[in-house]
Amino acid sequence: MGLSTFAFQKCISGACGATYGLEQAYVACPKCGDLVDIDYEWDRLPIPDKLSDFSKFWTQRNNRTRFSGVWRFHELMPFASQDLLVTVGEGQTLLQQADSVADYVGIDQGNLFLQYEGMNPSGSFKDNGMCAAFTHANAIGAKRAACASTGNTSASLAMYCAVTRLMKGIIFIGSGKISYGKLSQALDYGALTIQILGDFDDAMNRVKEVSKKLGIYLVNSVNAFRLEGQKSIIFRILEALNWELPDWIVVPGGNLGNSSAFGKAFIELKKLGLIDRIPRIAVINAGGARTLYELYEENGLRWNQGQPDQLIEKSYFDQMDQDNAKASTLASAIEINRPVNLHKCLRALDAANGIVRQVSDQNALDAKAKIAAGGMGCEPASATSVAGAKLLKAQGVIGSSDRVVCVLTGHQLKDPNITVAYHSTDRQEFEKVLGGYGVQRASFANHAIGVPNDLDDIIKAIKLYS
Ligand SMILES: *Cc1c(COP(=O)(O)O)cnc(C)c1O
Ligand SMILES: [Zn+2]
């Protein structure tokens, strides 16, 4: 009972590798400043013989932790005992075969799948990690939890506070873009919301300072426990594919928590002998926030066994400071220039023969319209995964017979302003919302038909258009 004595925190740096207990969550290794992981003495823990053993937990769905789509895989993230696990029923998400999206991407029917993480209780994948961070925070007696957020982390934190009543939530947001859907959640759930004059990267720096000073538990994705929970997205994808491995996982890249967690999940599954190969991971940046793309694809930054080239990194970020460069994209959830999980993502890319691409807001919004027209929809940042898959197919990197899973990170209703503007017939409305981001046309707009309030005219219009 309690936090596991077979779990520990470990610095990911190949030059350091210091280990620590679980008494506090380190946002950085105290010795060298690199990121820390949650690691396990796996040989002292009960691991199923094969992944399909997890299927039996579906019959235990009246057990609240097995009902959770995260804790159903507790054995693969065993840092706390069963009685400590915090859950609000997260992870009831769906892998949908989307043939019309396969057409759009240009791959064979039956080979494109959308993983709908927007179906989580707060409407984004963030709940997968928040239940794990809350489990740890609660186990060490934290009474306040804070985050800086482009929106979905704050919505998730606020919801976990409201439902579990274990902690008071404090949210830092910048003054730039935050979608109303997300902000409305934080306010409605009753979290203390602090809006500072600055962007996300500024809010991130402040929340780190403040939580250190006041001893507040930080639940940003630098929190390694969150990433443990996010591994479950991969486990559910494999479960939905009847434990077969896809060829590609395509995921948007913001702070790079998801891509890092995916890589860690695959590395561990392979190490435990539960899979025999690792699918390729493609991380997709928005063109207006393409740090990973530039560092990895253009400047050749690599994991390098835990010692990424500091010179490449430093000169890149120094230049960014010098130019006072700010991220700018309609995909607000990934509007991030300084991804905190950069090194962990490099490790994931290394293990998964990974690749990084950037897509324009134009292509992301067109992909978003196609996703919704062929399924249940997503928010703009999520659609970069499909736009990225389409680009990779066009470049011949993804083949038409490859099996591809695109992760849709957030719910369609998170950001309705952008969707309505895209489909609008009013060019001014279109320009006002989308114009500053290089979006020139709505290639797949579904315009509302304006009709006089007259029965004959209405009937005429319906006959004409249906
Ligand atoms: C947080 C978020 C992302 C970015 O994920 P990272 O793990 O930070 O790379 C992408 N899409 C949505 C909808 C998000 O909320
Ligand atoms: Zn270290």
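Because the structure is a prediction, the values reported are computed rather than measured. (Residues numbered from 1 in each chain as written. Chains lettered and ligands numbered in written order. Predicted model: local features only at pLDDT ≥ 70, side-chain atom pairs only at ≥ 80, totals over all residues. Heavy atoms only, no water.)

Caption draft 1: How the structure looks around the sheet that holds strand 5 (residues 112–116). In space, the six strands of this open sheet follow the order 4-5-13-10-11-12, with mixed pairing throughout. Because the sheet does not close on itself, it has two edges, and the strands there are strand 4 (94–97) and strand 12 (355–359). Mean inter-strand twist for the sheet, computed between neighbouring axes without regard to direction, equals 25°. The sheet contact formed by strand 11 (residues 280–286) and strand 12 spans five bridges and is parallel. Paired with I284 across the two strands is R357, which belongs to strand 12. Its contacts with the sheet place helix 8 (residues 257–271) against strand 10 (248–252), strand 11 and strand 13 (404–408), and it is angled at close to 155° to strand 10. (Pairing = 2+ DSSP bridges. Helix = DSSP H or I, 4+ residues; strand = E, 2+ residues; numbered from the N terminus. Axes fitted to C-alpha atoms, helices over the stretch in contact; angles between N-to-C directions. Contact = heavy atoms within 4.5 Å.)

Caption draft 2: Quick look at the coordination of the zinc ion (ligand 2). Each protein donor to the zinc ion (ligand 2) is listed here as C11 (SG), C16 (SG), C29 (SG) and C32 (SG); together their distances run 2.3 Å. Coordination at the zinc ion (ligand 2) is tetrahedral: its four donor atoms span angles of 96 to 115° at the metal. Counting the intervening residues between successive donors of the zinc ion (ligand 2) yields the motif C-x4-C-x12-C-x2-C. Among the residues examined, C32 registers a relative accessible area of 40% and is labelled partly exposed. (Donors = N, O, S within 2.8 Å, 3.2 Å for Na, K, Ca; no water. Tetrahedral: all angles 85-135°; square planar, octahedral: opposite > 155°, others 65-115°. Buried < 20%, exposed > 50% of the residue type's maximum accessible area, 1.4 Å probe, protein only.)

Caption draft 3: Region of the structure containing the side chain of N111. Structurally, the position occupied by N111 is in the loop between helix 2 (99–105) and strand 5. Apart from residues no more than four positions distant in its own chain, N111 is found in contact with S400, S401, D402, R403 and V404.

Caption draft 4: View of the sheet that holds strand 9 (residues 217–218). Judged by pairing direction, the sheet is parallel, and its four strands sit side by side in the order 8-7-6-9 without closing on themselves. The two strands at the open ends of the sheet, each matched to only one other strand, are strand 8 (192–195) and strand 9. Helix 6 (residues 200–214) contacts strand 6 (144–148), strand 7 (168–173) and strand 9 of the sheet and is inclined by roughly 160° relative to strand 6.

Caption draft 5: Summary view of the site of ligand 1. The full set close to ligand 1 counts 17 residues, and K126, N152, G254, N258 and T409 are the nearest of them. In this structure, N255 approaches ligand 1 through a main-chain N or O atom, which is 2.8 Å from an oxygen atom. Note that an oxygen atom of ligand 1 is positioned 2.8 Å from one of the backbone N or O atoms of L256. Relative to its free-state accessible area of 380 Å², ligand 1 is covered by the protein chains to the extent of 97%. According to the grid-proximity analysis, the pocket containing ligand 1 is the largest cavity. Counting only elements with at least two residues in the shell around ligand 1, the list comes to helix 8 and helix 13 (380–394). Split by residue class, the shell around ligand 1 holds six nonpolar, nine polar and two charged. (Near = heavy atom within 4 Å. Polar contact = N/O pair within 3.5 Å; in protein donor to acceptor, adjacent residues only side chain to side chain. Areas by Shrake-Rupley, 256 points an atom, 1.4 Å probe, with all protein chains shown as cover. 1 Å grid on protein atoms, 1.4 Å probe; cavity = no way out; pocket = protein on both sides within 12 Å on 5 of 7 lines; lining within 4 Å. Sits in = over half its atoms within 2 Å of the grid points. Nonpolar A, V, L, I, M, F, W, Y, C, P; charged D, E, K, R; others polar.)

Caption draft 6: Expanded view of the packing of helix 7 (residues 224–240) against helix 8. Across the interface, helix 7 lies against helix 8 with an axial gap of 8 Å and an inter-helix angle of 65°. The pairing of helix 7 with helix 8 is recorded here as roughly perpendicular in orientation. The two elements helix 7 and helix 8 cross, and the hand of that crossing is right-handed. Counted together, L227, E228, Q230, K231, I233, I234, F235 and L238 of helix 7 and G257, N258, S260, A261, F262, K264, A265, F266, E268 and L269 of helix 8 form the full contact between these two elements. Split into classes, the residues belonging to the contact of helix 7 with helix 8 amount to 10 nonpolar, four polar and four charged. (Parallel < 35°, antiparallel > 145°, perpendicular 65-115°, else oblique. Left-handed = near helix turned anticlockwise from the far one by under 90°.)

Caption draft 7: Structural detail: the packing of helix 12 (residues 361–373) against helix 13. Close contact between helix 12 and helix 13 brings their axes to 8 Å; oriented N to C, the two are set at 90°. With respect to helix 13, the axis of helix 12 lies roughly perpendicular. On helix 13, the residues touching N363, A364, L365, A367, K368 and I371 of helix 12 are P380, A383, T384, V386 and A387. Among the residues making up the contact of helix 12 with helix 13, the classes are represented as eight nonpolar, two polar and one charged.

Caption draft 8: Expanded view of empty space enclosed by the protein. Scanning all chains against the criterion turns up three cavities of 30 Å³ or more. Approximately 290 Å³ is the volume attributed to the largest cavity. Every residue lining the largest cavity is counted, 28 residues in all, and those nearest its centre are F125, K126, G254, N255 and A333. By residue number, the principal contributor to the lining of the largest cavity is helix 8, which donates three residues. When grouped by side-chain class, the residues that make up the lining of the largest cavity number nine nonpolar, 16 polar and three charged. (Points joined across faces, edges and corners; volume = space filled by probe spheres on them.)

Caption draft 9: Region of interest: helix 14 (residues 416–423). Every buried residue of helix 14 is accounted for by I418, T419, A421 and Y422. Each buried residue of helix 14 lies within a common arc of 165° when the element is viewed along its axis, so the set occupies one face. Each element contacted by the buried residues of helix 14 is listed here: helix 12, helix 13 and helix 15 (427–434). (Arc of directions from axis to C-beta.)

The quantities given are spatial measurements derived from coordinates; they are silent on function.
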